[in-house]
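In case you want the letters, here they are:
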Amino acid sequence: AQRVTQPEKLLSVFKGAPVELKCNYSYSGSPELFWYVQYSRQRLQLLLRHISRESIKGFTADLNKGETSFHLKKPFAQEEDSAMYYCALSGHTNAGKSTFGDGTTLTVKP
Amino acid sequence: GAGVSQSPRYKVAKRGQDVALRCDPISGHVSLFWYQQALGQGPEFLTYFQNEAQLDKSGLPSDRFFAERPEGSVSTLKIQRTQQEDSAVYLCASRQEGSNQPQHFGDGTRLSIL
């Protein structure tokens, strides 16, 4: 079975502070991992995926297979980063099924 | 081009009625997904199509739920004899072929069962 856990429902930081949104997963094979973001009154959209190894809007995420984690990090949070963030997993063995975490609401205070 | 389009945006139905939710994916996207999202939770997988073939329907909560994509493009999620616990946001997403490809989501249909 595949599972994604985001242990923090809510996360609040001040502008300019570092932020880390945690994501742990359970999957027996080699996973494809994603972070999606939903800004206020907008649809869910891709933020980044581990296969790309890119930084989007200053966010990075490293896949740690030993710890089965894919934490999202940004060194200096901005107010416009306030949103709901979802970690998601797709598996090679079952390419259709995607599993999402319950999300973390990030609030960046001025 | 246009993104994933879902209709209606909002649907209110009385318990016991049947409802149909429509999803128009991005043109050329082979894969199509339906999710159910309850308040305060992440999207829960319902079913997955590759072209017109429904390859996985393991997430459909009961036989009252039925999805189709007859021509490999537009998809319809139908819920028969609706119950109050069916109230949720129903999200549709489409994707190019490949599990490493990102999904593109619609705005969802907010279904309320009275």
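Residues numbered from 1 in each chain as written. Chains lettered and ligands numbered in written order. Predicted model: local features only at pLDDT ≥ 70, side-chain atom pairs only at ≥ 80, totals over all residues. Heavy atoms only, no water.

Another aspect to go through is the interface of chain A and chain B. Taken together, the contact between chain A and chain B spans 21 residues of the former and 22 residues of the latter. Both faces combined, the contact of chain A with chain B buries some 1800 Å², and carbon together with sulfur accounts for 47% of it. Seen at the junction of chain A and chain B, the total is 1 salt bridge. With a shortest N-O distance of 3.0 Å, Asp107 of chain B and Arg43 of chain A are connected by a salt bridge. Looking at the side of chain A that touches chain B, the elements with two or more residues in it are strand E5 (31–38), strand E6 (45–49), strand E9 (83–91) and strand E10 (98–100) of chain A. Class assignment for the residues of the side of chain A that touches chain B results in 8 nonpolar, 7 polar and 6 charged. (Contact = heavy atoms within 4.5 Å. Buried area = accessible area lost by both parts, 1.4 Å probe. Salt bridge = Lys/Arg side-chain N within 4 Å of Asp/Glu carboxyl O. Helix = DSSP H or I, 4+ residues; strand = E, 2+ residues; numbered from the N terminus. Nonpolar A, V, L, I, M, F, W, Y, C, P; charged D, E, K, R; others polar.)

Our focus in this paragraph is the environment of Glu68 of chain B. Among the structural elements, Glu68 of chain B can be located in strand E7 (residues 65–68). Put simply, Glu68 of chain B and Lys78 of chain B are 10 residues apart on the chain and 8.5 Å apart in space, counted from C-alpha to C-alpha.

What follows deals with the pairing of strand E8 (residues 75–79) of chain B. Residue and element names in this part refer to chain B. Counting buried residues along E8, 4 of its 5 residues qualify, which places the element largely inside the surrounding structure. Where strand E3 (residues 19–24) and E8 come together, 5 bridges link them in antiparallel fashion. The residue of E8 that forms the bridge with Cys23 is Ser75. The pairing of E7 with E8 spans 4 bridges and is antiparallel. In the strand pairing of E8, Phe65 is matched with Ile79. (Buried < 20%, exposed > 50% of the residue type's maximum accessible area, 1.4 Å probe, protein only. Pairing = 2+ DSSP bridges.)

This structure, assessed with the given rule, holds 10 aromatic pairs over all chains. Pairing Phe59 of chain A with Tyr85 of chain A gives two aromatic rings, centres 5.6 Å apart and planes at 50°, and the pair type is tilted. You can see Phe59 of chain A sitting in the loop between E6 and strand E7 (60–61) and its partner Tyr85 of chain A sitting in strand E9, a full 26 residues away along the chain. Here Phe59 of chain A matches Tyr85 of chain A in class, with each residue buried. Here Tyr35 of chain B and Phe105 of chain B contribute two aromatic rings whose centre-to-centre distance is 5.8 Å and whose plane-to-plane angle is 40°, an arrangement assigned as tilted. On the criterion of sequence distance, the pair formed by Tyr35 of chain B in strand E4 (residues 31–37) and Phe105 of chain B in strand E10 (residues 104–105) is long-range, its members being 70 residues apart. Members of the aromatic cluster, connected to one another through ring pairs, are Phe34, Tyr36 and Phe100 of chain A together with Phe33, Tyr35, Phe45, Tyr48 and Phe105 of chain B. Between the NZ or CZ atom of Lys109 of chain A and the centre of the ring of Phe14 of chain A, over which it lies, the distance is 4.5 Å. (Phe/Tyr/Trp six-rings, centres within 6.5 Å; stacked < 30°, edge-to-face > 60°. Lys NZ or Arg CZ within 6 Å of the ring centre and 35° of its normal.)

Further remarks concern the pattern of salt bridges. A complete count under the given rule lists 8 salt bridges over all chains for this structure. Asp86 of chain B is the salt-bridge partner of Arg64 of chain B, the closest N and O atoms lying 2.8 Å from each other. Residue Arg64 of chain B is found in the loop between strand E6 (53–56) and E7, and its partner Asp86 of chain B is found in the loop between E8 and strand E9 (88–95); the two are separated by 22 residues along the sequence. With a relative accessible area of 12%, Arg64 of chain B lands in the buried category. Classification of Asp86 of chain B by relative accessible area gives buried; the value is 2%. Here the residues in one salt-bridge network are Glu20, Lys22 and Lys73 of chain A, joined through shared partners.

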